[in-house]
Amino acid sequence: PRAHCGQVLAHELGHAWMWLQGGPGAGPGGPGQGRAAEEAEEALCEVLGYLWLLHERDRRADQGAGPPPDTQAVLQRLRALETWGGS
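Our subject in this report is the structure included herewith. This is a predicted model, so every value here is computed, not measured.

1. Details of the overall build of the protein
Scanning the protein from terminus to terminus reveals three helices and zero strands. When the elements of the protein are put in sequence order from the N terminus, they spell out α-α-α. Looking at the protein as a whole, 29% of its 87 residues are labelled buried. In the form shown here, the protein has an accessible surface area of approximately 5,700 Å², with 59% of it arising from carbon and sulfur atoms.

2. Some points on the nonpolar core
In terms of nonpolar packing, the biggest core is built from six residues, these being A3, L53, L54, V74, L78 and L81. Counting only elements with at least two residues in this core, the list comes to α2 (35-62) and α3 (71-82). At three residues, the largest contribution of residues to this core is made by α3. What L81 contacts, discounting residues up to four positions off in sequence, is Q7, E46, Y50 and L53.

3. So, the pattern of salt bridges
If the charged atoms of two oppositely charged side chains come close together, the side chains can form a pair. For the structure shown, the criterion picks out one salt bridge. Where E56 meets R59, a salt bridge forms, and the shortest distance between an N and an O atom there is 2.8 Å. Here the residue E56 and the residue R59 both occupy positions in helix α2, the gap between them amounting to three residues, near one helical turn. For R59, a relative accessible area of 23% puts it in the partly exposed group.

4. What to know about helix α1 (residues 2-20)
Compared with an ideal rise of 1.5 Å per residue, which puts 19 residues at 27 Å, α1 spans 26 Å between its outermost C-alpha atoms and is within 8% of the ideal. Looking one or two residues past α1, G22 carries a phi angle of roughly 80°, positive in sign.

5. A short note on a nonpolar patch on the surface
On the surface, L44, V47, L48 and L51 cluster together to form a nonpolar patch covering roughly 300 Å² of accessible area. Take L48: it is sitting in helix α2.

6. A word on the environment of A73
One can find A73 in helix α3. For the pair A73 and R2, spaced 71 residues apart in sequence, the C-alpha separation works out to 9.8 Å.

7. Here's the deal with the packing of α1 against α2
At their nearest, the axes of α1 and α2 sit 8 Å apart, and the two run at 140° to each other. Relative to α2, α1 is oriented oblique. As α1 runs across α2, the sense of the crossing is right-handed. In contact with R2, A3, G6, Q7, A10, H11, G14, H15 and M18 of α1, α2 contributes E41, E42, L44, C45, E46, L48, G49, W52, L53, E56 and R59.

About the cut-offs
Residues numbered from 1 in each chain as written. Predicted model: local features only at pLDDT ≥ 70, side-chain atom pairs only at ≥ 80, totals over all residues. Heavy atoms only, no water. Helix = DSSP H or I, 4+ residues; strand = E, 2+ residues; numbered from the N terminus. Buried < 20%, exposed > 50% of the residue type's maximum accessible area, 1.4 Å probe, protein only. Areas by Shrake-Rupley, 256 points an atom, 1.4 Å probe, with all protein chains shown as cover. Core = buried A, V, L, I, M, F, W, Y, C linked by side-chain atoms within 4.5 Å. Contact = heavy atoms within 4.5 Å. Salt bridge = Lys/Arg side-chain N within 4 Å of Asp/Glu carboxyl O. Expected span 1.5 Å × (residues − 1). Patch = residues over 30% accessible without salt bridge, like charges linked within 9 Å, V, L, I, M, F, W, Y side chains within 5 Å. Axes fitted to C-alpha atoms, helices over the stretch in contact; angles between N-to-C directions. Parallel < 35°, antiparallel > 145°, perpendicular 65-115°, else oblique. Left-handed = near helix turned anticlockwise from the far one by under 90°.

Here it is, written out as structure tokens:
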């Protein structure tokens, strides 16, 4: 569904952007700043996916379009991200 696809794309585009900036996941020759930097990158990408879900929910509400067909999936994913402890 749209919500899951958009969340995943936002998350993965975050990784791509950080790679282009020479972030911790930049591969051979990249900074390789260790596990803490990689965990921070992953957490930031999770936030990007979360923000996309919030934006999608609010965009539809502002347009009066009603809830998206996958409303329950969006709410479940938002709740999961809000309670995510990482690991």
